[in-house]
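So you can see what is in the structure, the chains are spelled out below.
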Amino acid sequence: DTEVTQTPKHLVMGMTNKKSLKCEQHMGHRAMYWYKQKAKKPPELMFVYSYEKLSINESVPSRFSPECPNSSLLNLHLHALQPEDSALYLCASSQGNRETQYFGPGTRLLVL
Amino acid sequence: AQSVAQPEDQVNVAEGNPLTVKCTYSVSGNPYLFWYVQYPNRGLQFLLKYITGDNLVKGSYGFEAEFNKSQTSFHLKKPSALVSDSALYFCAVRALSGSARQLTFGSGTQLTVLP
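Another aspect to go through is the side chain of Gln25 of chain A. Residues and elements named next belong to chain A. Within the element layout of this structure, Gln25 appears in strand β3 (residues 18–25). Judged by relative accessible area, Gln25 falls into the buried class, the value being 1%. A polar contact is formed between the side chain of Gln25 and the backbone nitrogen of Gly28, at a distance of 3.4 Å. At 3.0 Å, the side chain of Gln25 forms a polar contact with the backbone oxygen of Ser71. Setting aside residues up to four positions removed in sequence, Gln25 forms contacts with Glu3, Val4, Met32, Ser71, Ser72 and Ser93.

Joining two cysteines, a disulfide is a covalent bond between their sulfur atoms. For the structure shown, the criterion picks out two disulfides over all chains. Through a disulfide, Cys23 of chain A is tied to Cys91 of chain A; the S-S separation comes to 1.9 Å. Measuring handedness by torsion sign, the sulfur bridge of Cys23 of chain A and Cys91 of chain A sits at about -70° and is left-handed. Of the two residues, Cys23 of chain A sits in strand β3 while Cys91 of chain A sits in strand β9 (residues 87–94), which places them 68 residues apart along the sequence. With relative accessibility at 2%, the residue Cys23 of chain A sits in the buried group. Paired by a disulfide, Cys23 of chain B and Cys91 of chain B hold their sulfur atoms 2.0 Å apart.

Analysis parameters
- Residues numbered from 1 in each chain as written.
- Chains lettered and ligands numbered in written order.
- Predicted model: local features only at pLDDT ≥ 70, side-chain atom pairs only at ≥ 80, totals over all residues.
- Heavy atoms only, no water.
- Helix = DSSP H or I, 4+ residues; strand = E, 2+ residues; numbered from the N terminus.
- Buried < 20%, exposed > 50% of the residue type's maximum accessible area, 1.4 Å probe, protein only.
- Polar contact = N/O pair within 3.5 Å; in protein donor to acceptor, adjacent residues only side chain to side chain.
- Contact = heavy atoms within 4.5 Å.
- Disulfide = S-S within 2.5 Å.

Geometric descriptors of this kind do not, in isolation, establish any biological role.
Given below as structure tokens:
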């Protein structure tokens, strides 16, 4: 089973709202990732968690705040987003940070 | 620095014909190569990977890819295309060793299989 789940599937928020994206995997993977993807473009890495610790932050604005409560869960907290933050947000996981990454279906975010 | 080039933004092929989606890469040392497929409004789905060994790698849904070290290429192929293969395809690379621990994706190739 190589399933990564993400909720919600769609999210519409105003620029003053606070919302959270959730990602879950039960494959025992120890690395988890957040990506941002614009239409017809490759995913852009945002954050990497390895063994529940943040190991990579690709200079992401502070209005995006990741959290890894345990080895199966990954959250992305959103606050005061801008319209240009509208995108598909993908979560991925891998056994280790050198292994194949498996992606979730994504959350389609629209910031108004 | 590592990089991936997918020289074709769009590939059109007739159903039943063979398809090829091209990918070339640049990386220090030995590469770890991947192909992913993305259907509309979906996440990326892993198709196949190359680490070491046989240069011809077989993956999901009848896809295969050929690793060519001298040409630094990893082209995706399928002997007989299906309309359902129409999707966005991404090639990705990472170095097997060294500090570049994360994936670098190509720009993507939109494959359209015509009935």
